[in-house]
Amino acid sequence: MRQTLMDTDTSPILQVQNLNLGFNMRQGMVNVLHGISFDLHRGKTTCVVGESGSGKSITARAILNMVPRPGTINSGQILFNPDGSGQINLTSLDPRGKPIRKIRGGRIGMIFQEPMSSLSPIHTIGNQITEVIQLHRNVDKKTARQMAIAALAQVEIPKPEKAVDRYAFEYSGGMRQRAMIAMALSCQPDVLIADEPTTALDVTTQAEILDLMKSLQRELDTAIMFITHDMGVVAEIADEVVVMEKGHVVEKGNIHQVYNAPQHVYTKKLLTAVKRLNQPASTKVRPCTQAQNILQIRDLSLRFEKKEGFFQRITDVTKAVDGVSFDLKEGESLGIVGESGSGKTTLGRCIARVYDPNSGVINYKGQDLMQANASALRETRKRMRMIFQDPFASLNPRMTVKQIIAEPLIINKLANLAELEEIVSTILSQVGLDPNMMERYPHAFSGGQRQRIVIARAIALKPELIIADEPTSALDVSIRTQVLDLLLQLQAEMGLSFIFISHDMAVIRYFCDRVAVMYRGQIVEIGETEQIITSPQHPYTKALLSSVPIPDPTLRGTRQRHRYEPDS
Amino acid sequence: MSETSEQNLSLNPENSGKEVAIASQFQLTWWAFKRHKIAIIALWVIGIMYLLAIFAEFVAPDNPFKQNRRAVYHPPQMLHFIDTSEEGRHIRPYFWKMKRERDPETLAVTYVKSGEKIYLRLFGKGPEYKFWGLWETNIKLFATEKPREKFFLFGADRMGRDMFSRVLYGTRISMSIGLVGVVISLVLGVTLGGISGYFGGRVDAVIQRLIEFVLSLPTIPIWLALAASLPPSWPIYKQYFVITLIVSLVGWTELGRVVRGRFLAMKNDDFVVAARLDGASESRIIFRHMLPSLTSHIIASLTLAIPLMILAETGLSFLGFGLTPPAISWGVLLKEAQNIISISQAPWLFIPGGFVVLAVLSFNFLGDGMRDAADPYGH
């Protein structure tokens, strides 16, 4: 160990002091960070939490002195003290100079959110890791390669001698993130900055990556700065927490202290949002027991065929939806949960007949939608509406809110122009938006408000069934519950049935009466939500549930992790 | 609302708050465009050029076909604004009258200052002309106080014709004759590209093969062959107009491919799927939801297509295959400057070339600015 002095154990390895950062726009300085301060300690994980736009990522970039233009650091210090011998002020270094380049990647490593775009597609994983090693260590190519293999072995990539010569696209998402970690750790940095490293991953993979980071930290005694918006992840791994809101640090402290006795309003709001999501909603209206079936799905299948060559021969078949059957009652919410690629979104789109399934029955109130012609389908789609995941992509940026919401009414000739304004303003107030905003364009709204507009469009035709495809996963946690509560309230008012597609077990638990677990195009388990959560039967459900982070730091490590590896 | 958006920061703080919120696509684009200084200058230049082209008869001081045997290769005259005389200084534009002299040894013609001033006045009387071919008048934007006196702002050519007037008439032809071709390219490109991208499958395959075939045709030989095969009895403008039409039948392919790509990408966008689930008809989806997203890109590519047409006209006319005299275009005028005499004796014959460069550059800057501004939601 490099420490020689007695008190180095308690002195921080990196201190951010009163950092002010702004973007120098034409209109003047737009301040982004307002005097933030926090410390990183060796062997400790400091989680920086906040919603999108709170300045988390820009802080990470400031530490590496890589602030994107036109951003400038206006005042403050970032003191880096790797061995207790002397402090280097990182902000005073030349952003392109040699000293900072020695620190970047060498002493301070970084992991990004999107493992695909942060790895080069044209170099092998091994080449990328050896490059980092050779930049910072004075070793020959052969040794560097050996070190790269060792680094891959360290992040538990199977057969590292072979994996070292593979390309990024031959790795799965989780493997790529492991390779990123291997690269960041290959020079044994003193500080590791991880910017939302698990956000793009499935829960099961996320759990594995978090386990890996914890065990590596124990081994290497690194200081980790972990940026996330997910309070559950924070509870899993943090030692210290820094809560950021709009460029201010509103609260910081020990994990238990922050979770058990939050001081700031914003922290409390974040925590309540997470805790509420860990149980069924109190305002939930259960469907009555003798309710009729509104939808019966039998043996629904959709294959995607990959055709190649001049004769369009079928070379590969993907069973996106593979013999799915379930019933949905009036007023009931059925959750469909599964990881990415499990076919849950495809299933939702098959039911709305956006895609044409190959076989099966979609029985909607006695009418088989598989056989329905265009006009019958148009009739049904008035009563069966969809809500999309990305509120930015699902609203036409060229139309005002009024035009967007009125569009289905106009098309289906349900309102004349004179009534339109009144109907739209009623719907807007129904979803909790100010009717005066109807002349605005979508770009003037935040993510949560846009999702309310999407919901308004869905309910404009007074539907019976709504297929909601990940309606909350693009939103920040505190807004997530608001949107869910809105959907619950609308369900109670209008007697809506829901097919609710999500990868997030907590959201499903909050919202759904029953849940179907999908894996590789098939429903592996279906039943009452609470029953499935408390006593899962299928091994995949067990694996899925055991991966969900528990938003309570005191329960950390009490749960046994299941892994599901089917033989195929 | 507790969740007021912070994304607005990235838009444009100067138009903060309500104004941005209700700003339409067009307004956002315009705000972004206004920040592009060079593009604004280019817009002014193009605007002025088109104004000059529209009012060419009114602005041109002389009939462009009028020959003056006493003004062969007359050099450009400087326009003075401040008149210093015994009565003091006035703002009163004038020229120095030039006298024609012959060198006694070489017999070369030279023009020397005679010391007499010729004053100009706004809306003075010039030679008779038909304004837009509609009504007869002799009012010009500016004319000499004595109608018999001539002045040559850009000099005169080998027949003593006023270059300034000729350039103005040339601007009219050069900047307009390609426009129809551009519009036809646009209509064809958007329609066929849109159909190809939206419906996909077999239609797409057929249209794409058609585009590949058209692109493989050698343009210039076809153009030359056409120029030769058109009936010579047609007036020259009509011949050239037909040629540009046929060229535009080739020109749509580039735009067609771009539009197809955008339609392919957009047709699975959530908001288009949403419109389809709303029950919107195919034409409503295309015209109400998809095409508006493309307008800005289309305008930009249009702006970039016009200079190509201008260059094509200039190049062909210069070579003698496009417009030919008596038509007046920048290319025809430059053809006069083809030989060594003009370089040594009358460099002002190159002035139309300057106009070509100015127009093409301006269109390119304008197109660039538009393309950057076209997507106010990007970055």
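Small disclaimer: the values here were computed from a predicted structure and weren't measured.

1. Here we look at the overall build of chain B
Scanning chain B from terminus to terminus reveals 14 helices and six strands. Radius of gyration (C-alpha) of chain B: 27 Å, far over the 21 Å computed for a compact globule of 379 residues. Here the C-alpha coordinates of chain B stretch approximately 85 × 60 × 40 Å along the principal axes. Looking at chain B residue by residue over its 379 residues, the buried ones come to 44%. Across chain B, contacts joining residues at least 24 apart in sequence account for 64% of those joining residues at least 6 apart. Surface accessibility of chain B: about 19,700 Å² in total, with carbon and sulfur atoms responsible for 66%.

2. What about the pattern of salt bridges?
Under the counting rule described, the total for this entry stands at 27 salt bridges over all chains. Shared partners join several salt bridges into a network, and the residues in it are R42, R107 and D190 of chain A.

3. Brief notes about the sheet that holds strand 1 (residues 80-85) of chain B
Residues and elements named next belong to chain B. With respect to topology, four strands assemble into an open sheet ordered 1-2-3-6, the strand pairing being antiparallel. Of all the strands in the sheet, just strand 1 and strand 6 (142-144) have a single pairing partner and so form its edges. Averaged over all adjacent pairs, the angle separating strand axes in this sheet is 55°, with direction ignored. As paired elements, strand 2 (residues 88-102) and strand 3 (residues 109-122) share eight bridges and run antiparallel to each other. Its bridge partner lying in strand 3, R100 is registered against Y111.

4. Observations concerning a nonpolar patch on the surface
Residue and element names in this part refer to chain B. On the surface, a cluster of nonpolar side chains totalling about 350 Å² of accessible area is made up of I38, V357, L361 and F365. With three residues, the single largest contributor to the nonpolar patch is helix 14 (residues 351-374). You can see I38 is positioned in helix 4 (residues 37-54). Residue classification places I38 among the partly exposed residues on the basis of a relative accessible area of 46%.

5. A short note on the domain arrangement of chain A
Residues and elements named next belong to chain A. Domain annotation for chain A reports domain 1 (2-272) and domain 2 (294-306 + 317-530). One C-alpha centre belongs to domain 1, the other to domain 2, and the line joining them spans 38 Å. Carbon and sulfur atoms make up 44% of the surface buried where domain 1 meets domain 2, a total of about 680 Å² over both sides. By the criterion of area lost to domain 2, the three top residues of domain 1 are E51, D202 and H229, representing 57% of everything that side buries.

6. Quick notes on the confidence of the model for chain A
The pLDDT averaged across chain A works out to 85; a share of 96% of its residues lies at or above 70. Contacts for the low-pLDDT stretch residues 1-8 of chain A, under 50 throughout, to residues beyond four places or in other chains number nine contacts.

7. Observations regarding the pairing of strand 3 of chain B
All names here are of chain B. If you look at the hairpin formed by strand 2 and strand 3, you'll find six residues sitting between the two strands, and L107 has a positive phi there, around 65°. Alignment of strand 3 against strand 6, held across three bridges, turns out to be antiparallel. Counted as the bridge partner of L120 is T144 from strand 6.

8. Examining helix 13 (residues 401-411) of chain A
Burial analysis of helix 13 of chain A places eight of its 11 residues in the buried class, which makes it a mostly covered element. Residues of helix 13 of chain A that are buried include every one of V401, I404, I405, A406, E407, P408, L409 and I411 of chain A, and no others. Along its buried surface, helix 13 of chain A packs onto strand 16 (384-387), helix 14 (417-430) and helix 15 (447-459) of chain A together with helix 11 (282-319) of chain B. The first or second residue beyond helix 13 of chain A is K413 of chain A, which carries a positive phi of 50°.

9. Details of the sheet that holds strand 6 (residues 108-111) of chain A
Residue and element names in this part refer to chain A. Here six strands make up an open sheet; going across it, the order is 6-7-8-3-9-10 and the pairing mixed. The sheet terminates laterally at strand 6 and strand 10 (248-254), the two strands that pair on one side only. Across the sheet, the mean angle separating the axes of adjacent strands is 15° when strand polarity is ignored. Here strand 3 (residues 45-49) pairs with strand 8 (residues 223-228) via five bridges, running parallel.

10. Quick word on the side chain of R457 of chain A
Positionally, R457 of chain A belongs in helix 15. A polar contact is formed between the side chain of R457 of chain A and the backbone oxygen of S394 of chain A, at a distance of 2.8 Å. Leaving out residues up to four positions away in the same chain, R457 of chain A has contacts with R385, F388, S394, L395, I404, I405 and P408 of chain A together with A274 and D278 of chain B.

11. Re empty space enclosed by the protein
This model, assessed by the stated rule, comprises six cavities of 30 Å³ or more. Put simply, the second largest cavity is a space of about 60 Å³. Every residue lining the second largest cavity is listed: N396, M399, Q403, I404, E407 and R457 of chain A together with F271, A275, D278 and H289 of chain B. Counting only elements with at least two residues in the lining of the second largest cavity, the list comes to helix 13 of chain A together with helix 10 (270-277) of chain B. If one sorts the elements of the lining of the second largest cavity by residue count, helix 13 of chain A sits on top with three residues. Of the residues assigned to the lining of the second largest cavity, the class counts are four nonpolar, three polar and three charged.

12. Some words on unusual backbone geometry
Residue and element names in this part refer to chain A. A positive phi is found at R353, a non-glycine position, where the angle reads about 60°. Examined against the element boundaries, R353 turns out to sit in the loop between helix 11 (344-351) and strand 14 (359-364). Phi is positive for R520, close to 50°, though the residue is something other than glycine. Within the secondary structure layout, R520 lies in the loop between strand 19 (514-519) and strand 20 (522-528).

13. Here's the deal with the environment of R158 of chain B
Residues and elements named next belong to chain B. Here R158 lies in the loop between strand 6 and helix 6 (163-199). In this structure, the C-alpha to C-alpha distance between R158 and V72, residues 86 residues apart in sequence, is 5.1 Å. Ignoring anything within four residues of it in the chain, the contact list for R158 reads V72, Y73 and E336.

14. Description of the pairing of strand 14 of chain A
Looking along a regular strand, one sees the side chains alternate between the two faces of the sheet. Bridge analysis of strand 14 of chain A against strand 15 (residues 367-368) of chain A gives two bridges, and the strand direction is antiparallel. Residue pairing for strand 15 of chain A: N363 of chain A is matched across the bridge by D368 of chain A.

15. Quick word on the environment of G527 of chain A
All names here are of chain A. Its place among the elements puts G527 in strand 20. For G527 and L90, which are 437 residues apart along the polypeptide, the C-alpha to C-alpha distance reads 55 Å. For G527, the residues in contact, after removing those within four places along its chain, are R514, V515 and I532.

16. Some words on the environment of P347 of chain B
Residues and elements named next belong to chain B. Here P347 is to be found in the loop between helix 13 (340-345) and helix 14. With relative accessibility at 44%, the residue P347 sits in the partly exposed group. Expressed as a C-alpha distance, the spacing of P347 and L230, which sit 117 residues apart in the sequence, is 35 Å.

Reading the values: rules and limits
- Residues numbered from 1 in each chain as written.
- Chains lettered and ligands numbered in written order.
- Predicted model: local features only at pLDDT ≥ 70, side-chain atom pairs only at ≥ 80, totals over all residues.
- Heavy atoms only, no water.
- Helix = DSSP H or I, 4+ residues; strand = E, 2+ residues; numbered from the N terminus.
- Rg over C-alpha atoms; globule rule 2.2 N^0.38 Å.
- Buried < 20%, exposed > 50% of the residue type's maximum accessible area, 1.4 Å probe, protein only.
- Contact = heavy atoms within 4.5 Å.
- Areas by Shrake-Rupley, 256 points an atom, 1.4 Å probe, with all protein chains shown as cover.
- Salt bridge = Lys/Arg side-chain N within 4 Å of Asp/Glu carboxyl O.
- Pairing = 2+ DSSP bridges.
- Axes fitted to C-alpha atoms, helices over the stretch in contact; angles between N-to-C directions.
- Patch = residues over 30% accessible without salt bridge, like charges linked within 9 Å, V, L, I, M, F, W, Y side chains within 5 Å.
- Domains from an automatic or database assignment.
- Buried area = accessible area lost by both parts, 1.4 Å probe.
- pLDDT = per-residue confidence, 0-100.
- Polar contact = N/O pair within 3.5 Å; in protein donor to acceptor, adjacent residues only side chain to side chain.
- 1 Å grid on protein atoms, 1.4 Å probe; cavity = no way out; pocket = protein on both sides within 12 Å on 5 of 7 lines; lining within 4 Å.
- Points joined across faces, edges and corners; volume = space filled by probe spheres on them.
- Nonpolar A, V, L, I, M, F, W, Y, C, P; charged D, E, K, R; others polar.

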